[in-house]
Each structure stands twice: as C-alpha cells, then as structure tokens.
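Chain by chain, the residues run as shown.
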Amino acid sequence: MRHLGRYLTGAAFLAAGAWAASSLAQPAAAPFTARQAEAGRVAYGANCAACHQANLAGSGEQPALAGPQFMAAWGRRTTKEFYDDIRAEMPYGKAGSLDAATYQNITAFVMSANGAKPGNSAFDGNQAVRISAIATGQVPPAIANARRGGGDDEGGGGAGRAPAMRLGQTLVGNIKNYTPVTDAMLVHPDPKDWLIYRGNYQAWSHSGLSQINANNVGQLQLKWSWAMNEGGENATGPTIHDGIMFLANTSNTVEAFDAKTGELLWQNRLGPLANRAYSALRSLAVYEDKVYINATDAKLYALDAKTGKVVWESDIAPPGKGFNETGGLIVAHGKAIVGLTLCRGQMPHCYISAYDAKTGKQVWKFTTIAAPGTPGGDTWGNVPDDMRAGGETWIAGTYDPELNITYWGTAQSKPWMQASRRSGTASTLYANSTLALDADTGQLKWYFSHAPGETFDLDEVFERVLIDHGAQKTLMTIGKAGILWKLDRVTGKFLDAKQTVFQNVYTGIDMKTGRLSFRPDVLAQKTNTWISSCPSAAGGHDWPPTSYDQKNDLMIIPLDQSCNMMLGHDVAQHTGVVQPEGEEKVFFMPGTEGNMGRLAAYRTATMEPVWSFQQRSPFLTGVLSTDGNVSFVGDFDRVFRAVETTTGKTLWTVRLPTVVQGNPVSFAVDGKQYIAITTGLGGGSPFSKPSSMLGEVHHPDHGQAVYVFALPDKVN
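Throughout, a residue's number is its position along its own chain's written sequence, starting from 1. For a predicted model such as this one, the threshold for reporting local features is a pLDDT of at least 70, and the threshold for listing and counting side-chain atom pairs is 80 or more; totals across whole chains, interfaces and linings nevertheless cover every residue. Remark: hydrogens and water are excluded; side-chain values derive from all non-hydrogen atoms of the structure.

### Focus: the overall build of the protein
For clarity, the cut-off: Strands are runs of DSSP state E lasting at least 2 residues, helices are runs of H or I lasting at least 4, and numbering of each runs from the N terminus. To get the radius of gyration, use the C-alpha atoms; to get the globule rule, take the number of residues to the power 0.38 and multiply by 2.2 Å. Here the term buried applies to any residue with accessible area under 20% of the maximum for its type, exposed to any over 50%, and partly exposed to those in between, with areas from a 1.4 Å probe on protein chains only. Contacts are assigned to residue pairs with any non-hydrogen atoms lying within 4.5 Å of each other. Calculation of accessible area relied on Shrake-Rupley with a 1.4 Å probe; when residues are assessed, cover is drawn exclusively from the protein chains displayed. Positive charges are assigned to Lys and Arg, negative charges to Asp and Glu, while His and the chain termini are left out of the count. Here the site of a charge means NZ on Lys, CZ on Arg, CG on Asp, or CD on Glu.
Secondary structure summary: the protein contains 13 helices and 41 strands in total. The C-alpha radius of gyration computed for the protein amounts to 24 Å, which stays within 12% of the reference 27 Å derived for 716 residues, consistent with globular compactness. With the C-alpha coordinates of the protein rotated into their principal frame, the extents come out at 80 × 55 × 50 Å. Counting across all 716 residues of the protein, residues that qualify as buried make up 66%. A separation of at least 24 residues holds for 65% of the contacts in the protein among residues at least 6 apart in sequence. Accessible surface for the protein amounts to roughly 23,100 Å². Of this, 51% is attributable to carbon and sulfur atoms. Side-chain charges in the protein split into 61 positive and 64 negative, and the spacing between the mean points of these groups amounts to 2 Å.

Below, the structure is given as structure tokens:
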C-alpha cells in the first residue's frame, strides 16, 4: 500500500478530540464479516505492511492505519471513501492492480484493526458508513503487538520489502590497480571518470566526452547489465574511477564492478533490509582509497575501495529515533558532508554535518531548524520547539573550492500547511532556503529564504548549480514551485527568477528582493478546508536533477505538470512526532492536455527558454548532457532517450523493463565511452502521482537494475 501520508492523508491528532467523544457511544454494527477481515489481514500483509507495518503503526511518512492517528484523519469519513481511495491509489507502484474483493477485504481488516466489530453483511464497496460510528480506534492486542518491519507470517514478502538475503560482505575484493582520489582530481575531474554525484562539485551533470554524439547516438547498444536488489526505492547513479564502477544498491548494499565488462569485483550488504518508502541511496562518494556511503538508517560508512571492507562507521544521527538519510553526500576539503531526512520534531532537529574523511569523527554540524532563542528562532512565531519540524536535506550539496563554501537546499517545514502548524506567514527558518556554509567549520556565510511560510509541500530543496557568468559567480536552483532562481553565490543576493511551469500559489515576485507574494485565499486558509495548488507536491521540478551544458549555456530541466487540492488537519501541540498532516487530491495541470512530463532548456545568462517538449509520462531521471551535443533522460513509461542538446530533438530511444529512474552518467574505459542508467521503483511523489493518474501506463513492480550502453565495437 502506498504511503497515504504524502498522497491521501497524514497522521493527525485532533486538538479537541472530536472523534474521541463520538467513540464513547456504542459502535454501530460494521458492514463487513469476520471472514472478510481475516482475508484482509493476509492481503494487507502481502500488499501494505511493508510501508505501514504489520501492526498498522506506520513508519516515517507512512502514517498509522490504526489508532488515534488514523481516526483523527478518517473518523469523519466513510468506509466507502476509504475503499475508493485505496482501490484507486494502492498498492504502492501498482495502483488498482488487486481485484475488488481484495480491496474490500483490506478495508474490512483496517476497520477491524480500529476496533470495529464484524457484522453479518459482507462489505461490497458501496456501504458508506461513517468510520467513527463503527470504530473506536482501540487496536486489538494481537494486531498492536504484531512484529514491526514487515508483513505477518501469512503475508510473506510484501511488494515493498527486500527479499530475504544474507547481509554482510558476500564478496571481498582484490583490486590491484587503483589510484587514490585526490582533492585536485575532485576539483578538476577527468572526463573518463564520474567521481561526484552530478559529475563535478558544481552539479552540472555534464560529461566532457564526445565519442557518442548527435550523429552516431542512434547506434547505441547494450554492453552489460546487472540486476539490483528488489525491495526499497532505487534512484541512484554509479560512481566511476580507474575503470571501476561503484554502485549504491538498496538495503545499503555497495558493489564494485569492472566498468567495461560488468564483472562483480566486491559486494558488501551493510543492511538493514529495505522497505519501499524512503530507502533510496542517491549517490556514493570516493576520496583517497575509500568509498563513502550515507546509509538510509542515518549511518555513515567508509569502505576500502579495493576490498569493500568497512574501514570505519559513524552515526549521522542518534539511532532509534526514526531519522533517515537518502540524499547522498560529497567529500570536500577532506570532509564527508551529509544531510539528514525524516525530521519530525524528534530531538535533535535536522542538521547538515561533516566528518573527517580519514577517521569518521564529526567535525561540525549546522542545524536547519532555528530553535527559540537562537538566530532565526523568532521566525517560527510561537510554535514550540518540539513542534518545529522539517528542514530536511533530501539532496547532496555542492561546493565552490575557491570560496571553500558548500551550498545546500532545505525542505519545507512540517506540517505542510500554515493553518496546521500555526506559524502563519512566518518564514520558519531555515526551511525552504539555500544555505551557504564554510566547508571547514559549518559557519553560516549567508542564507536565502526562497519561500517564507510555504504551505503546499512545494519545497526548494533540490540541486544548487554553480555557474560563472563572466565575473559574476552565481548559484541557480529550481524547486517544486517551478521557479528557476539565480543568486549571487558569494553574497546570497537575489539576481533573477523565471517561472517554468504554470503555478497559481504565488501572485508575484519582487524582482529586486526575490520575495514571493501568496494569493489572498492561501494566506486566509483554515484547517479541514480544501484549497488548490499548482504545481502539486510532485513539484514543477523534483529530485531528478538538471544538467548544465557550459558550451551552449543551456540548463536542461525535467519538469512535472500536475496540480492538487490540499487539506490541512487540526494538529495538537506537543504530539511527540510531527507528520505532514495533510490530504491531497491530484489533477492534471491546466493547458497541458494531460501531459505530465516536460523537458525544457533555458539559457542561463538570460533566463529565457530555448526549447521544450511535453509528453504523457513524467521524467524520472536526472538529465545528463555531453560534449557530443547529446543529452540523456529516462521516464515513467520505461523509455530511456537521447535528445539533441541544442534543439531537444529525440535522436534515440530504448525501452527498458521497468521505470527508468535515477541519474545517468558517462565514463570511458580504454578510450571507449559508455552511458549508464538505472531502472527502479519508488522515488517519492514524482513516482506516486503518475502511478495513480496514468492508468494506461504499465510497468512491472520489479526489475531494478543498471544498464550500460556504448557504440558498437569495431570489427577487426
């Protein structure tokens, strides 16, 4: 079952306990049978427990489906509404794939897990009974005490759970020829390598190789592939050095391959086994003789690049508190720098932190939520410290070695909506901001608040691209609102902005300061009232990163065209854990004729569009541009394509087994250029929204892999 918290409903406690009062009355007879509830228990274990847990307690942004949180969100709604929602949107990644009887049984089980007593009449999907009239929110002990981390015994391996496999190092490497990666190599990477998440410190996602070009790209052919772990999200990209490919796999598995042949050289399954939601590893880092991985359970590992053995490990955040890390990391000036995610009011707040690359000792950290009494603390108004949540860093930062500054984006504050979090139009620093930090000390050099008081999960957290326009050192970024920003990266001064997709949240922008103005009804919003937002939480632009071609001064941007209605819940203060607390109803963006995907190129000097095209399916990879005037991108409908960078004309396509998702890279071995891309599932809102909206687009719920393409070998 897909995580309801980000799409349908979030976990919420009502301030005045409206449902609780009604639960004191004698519950009415429930419109389902005991046989349905038992069958639903098995079906839930197979299809839903991987995200929402066997005891229905939820996990991360996957809210509880039983107990007070569920009743707060659903108590006033009906059994038919719940049935219709899960039938239209679940299970995760394959909405509507179960038969009607199975959805009816799951509905019966969820109701019974909330204290509803079976009746004599079977539920057929049409009975619209108010849930609070039949359920108390009291979870039966047999369900409440079910083990966490997966389905029950009858459920087997749920779709989101990693299959059983042996953890630990399964193959020890013995790589002989490996050149340690120096600071100079990272500052000026060789085009034959791909040493950094997006190719260089500036996040250009561009390759200087040109053997594959607009004239011959149509001859590309598959050279090798590797089946990756099933279970968990796959949204990664390889790292290549000295002809060795290092790959971040799900369940915190790290692998090394001969990049030319695909031969496995070493493998270390660090674990734990992955769930579907928020378990993507978007990158690795290499430095000196080590490979660094920010594991999804908020641990940082350094592995020996030649053998794959663990050299050291450090906790990024205190274990057991629900923190997560998916965004990748960079190594800069001898320090591994990493962010933190799933920050939901548990202490400490989210932060960016740096570790000595040799020892793993923490060197500094910068907290991204301003606490009362600290600089920026008053920007949350009267919101208590333990209710100040969010500010995650979903994407690894960038680095300017001349300024010795690292740049990071932060996510929105939680709950999503102003009315729910009671912060009004306060800017809630340092959410939705660009942060410029001294790479050696973590000292804040400057910040820019892109969307103060943001209220629709339209965060500004994604890649910070560093571009010089003559003597002007700039930083460019684009977030979910689809606004392309240009800042001075020395001072943080606003320079320019350009809207790239239709949006109706903001009525304008002050072109001197960059300050956005909300439309009046957004400022006057109330809880439990639907209000529209374009773009939707899938974002005009989301985590699939842009590419910058310096020769042509073109930024190529994958864009998403959908809108939503959002409703914020009433939220009691001091709940202990802060969730998004919102519901969404998604629809197609006006004027797009149902085309969710759009690829567009902009001239960064002038901020003017150069070309664009749209298509039904959104793009779920970043863009890779090359010196061959070719750019590569993949989409939800399994198509991996090459386009001419200067025109957007499609030059080559191949259809892969499942969704093309991750970050394409290019490298060379023995003088031959290769293109690598991954397929995968999960991927957050950009994946979940088309899963529910594009009913005619089909793909398997498995098939995570890496594919490597090149031109044909010459015949001797």
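### Focus: the environment of Ile-531
In this structure, Ile-531 sits in strand S28 (residues 531-533). Taking the C-alpha atoms as reference points, Ile-531 and Glu-584, separated by 53 residues in sequence, lie 9.6 Å from one another.

### Some remarks on the packing of aromatic side chains
Two measures describe an aromatic ring pair: the distance that separates the ring centres and the angle between the ring planes. Under the convention used in this document: Stacked, tilted and edge-to-face pairs are distinguished by plane angle, under 30 degrees for stacked and over 60 for edge-to-face with tilted covering the rest, among Phe, Tyr and Trp rings (Trp via its six-membered ring) whose centres lie within 6.5 Å. Only when the NZ of Lys or the CZ of Arg is both within 6 Å of the ring centre and within 35 degrees of the ring normal is a charge said to sit over the ring.
Scanning all chains against the criterion turns up 27 aromatic pairs. Ring centres 6.3 Å apart and planes at 10° place the aromatic pair Trp-611 and Phe-613 in the stacked group. Aromatic rings pair up to connect Phe-632, Phe-640, Trp-652 and Phe-709 into one cluster. Of note, Arg-198 hangs over the ring of Tyr-197, and the distance from its end group to the ring centre comes to 4.4 Å.

### Re the sheet that holds strand S20 (residues 433-438)
The strands that make up a sheet are held in pairs by hydrogen bonds between backbone atoms, and each pair lies either parallel or antiparallel. Counted only if it meets this: Only when DSSP finds a minimum of two bridges between them are two strands counted as paired. Geometry is summarised by axes, namely lines fitted to C-alpha atoms with helices restricted to the contacting stretch, and by angles between N-to-C directions that run from 0 to 180 degrees.
If you walk across this open sheet you meet the four strands as S17-S18-S20-S21, and the pairing is antiparallel. Strands at the two margins of the open sheet, each flanked by one partner only, are strand S17 (398-400) and strand S21 (444-449). Shown here is a sheet whose adjacent strand axes are inclined to one another by a mean of 20°, direction ignored. Relative to strand S18 (residues 405-409), S17 is paired through three bridges, and the arrangement is antiparallel. Within the sheet, the bridge partner assigned to Tyr-399 lies in S18 and is Thr-406.

### Digging into the pairing of strand S30 (residues 554-560)
Along S30, seven of the seven residues are buried, which leaves the element largely enclosed by surrounding structure. Burial along S30 is two-sided: Leu-554, Ile-556, Pro-558 and Asp-560 facing one way and Met-555, Ile-557 and Leu-559 facing the other are all buried. Taken together, the three bridges between strand S29 (residues 547-549) and S30 define a ladder with antiparallel strand orientation. Paired with Tyr-548 across the strands is Met-555, a residue of S30. Where S29 hands over to S30, the hairpin turn is made up of four residues, of which Asp-553 adopts a positive phi near 50°.

### Overview of the environment of Ala-396
The residue Ala-396 is located in the loop between strand S16 (389-390) and S17 in this model. Note on Ala-396: relative accessible area 4%, which makes it buried. Measuring from C-alpha to C-alpha, the distance between Ala-396 and Ser-205 comes to 13 Å, with 191 residues separating the pair along the chain. What Ala-396 contacts, discounting residues up to four positions off in sequence, is Tyr-197, Arg-198, Gly-327, Gly-328, Leu-329, Ile-330 and Trp-408.

### Re helix H6 (residues 79-89)
Rules: Taken from the helix axis, the directions to the C-beta atoms give the arc we talk about.
When H6 is considered as a whole, its buried residues turn out to be Thr-79, Phe-82, Tyr-83, Asp-85, Ile-86 and Glu-89. An end-on view of H6 places all buried positions within 165° of arc, on one side of the element.

### A short note on the nonpolar core
The line we're drawing: Here, the term nonpolar core denotes a set of buried Ala, Val, Leu, Ile, Met, Phe, Trp, Tyr and Cys residues that are joined through side-chain atoms within 4.5 Å.
One finds Phe-246, Val-254, Trp-266, Val-291, Tyr-292, Ile-337 and Leu-340 to be the most contacted residues of the largest nonpolar core, which totals 69 residues. Beyond its immediate sequence surroundings of up to four residues, Val-254 is in contact with Leu-247, Trp-266, Gln-267, Asn-268, Leu-270, Leu-284, Val-291, Ile-293 and Leu-303. In terms of nonpolar packing, the next biggest core, distinct from the first, is built from 34 residues, Leu-220, Trp-652, Val-660 and Val-669 among them.

Note that every value here comes from positions in space, so none of it alone points to a role or purpose.
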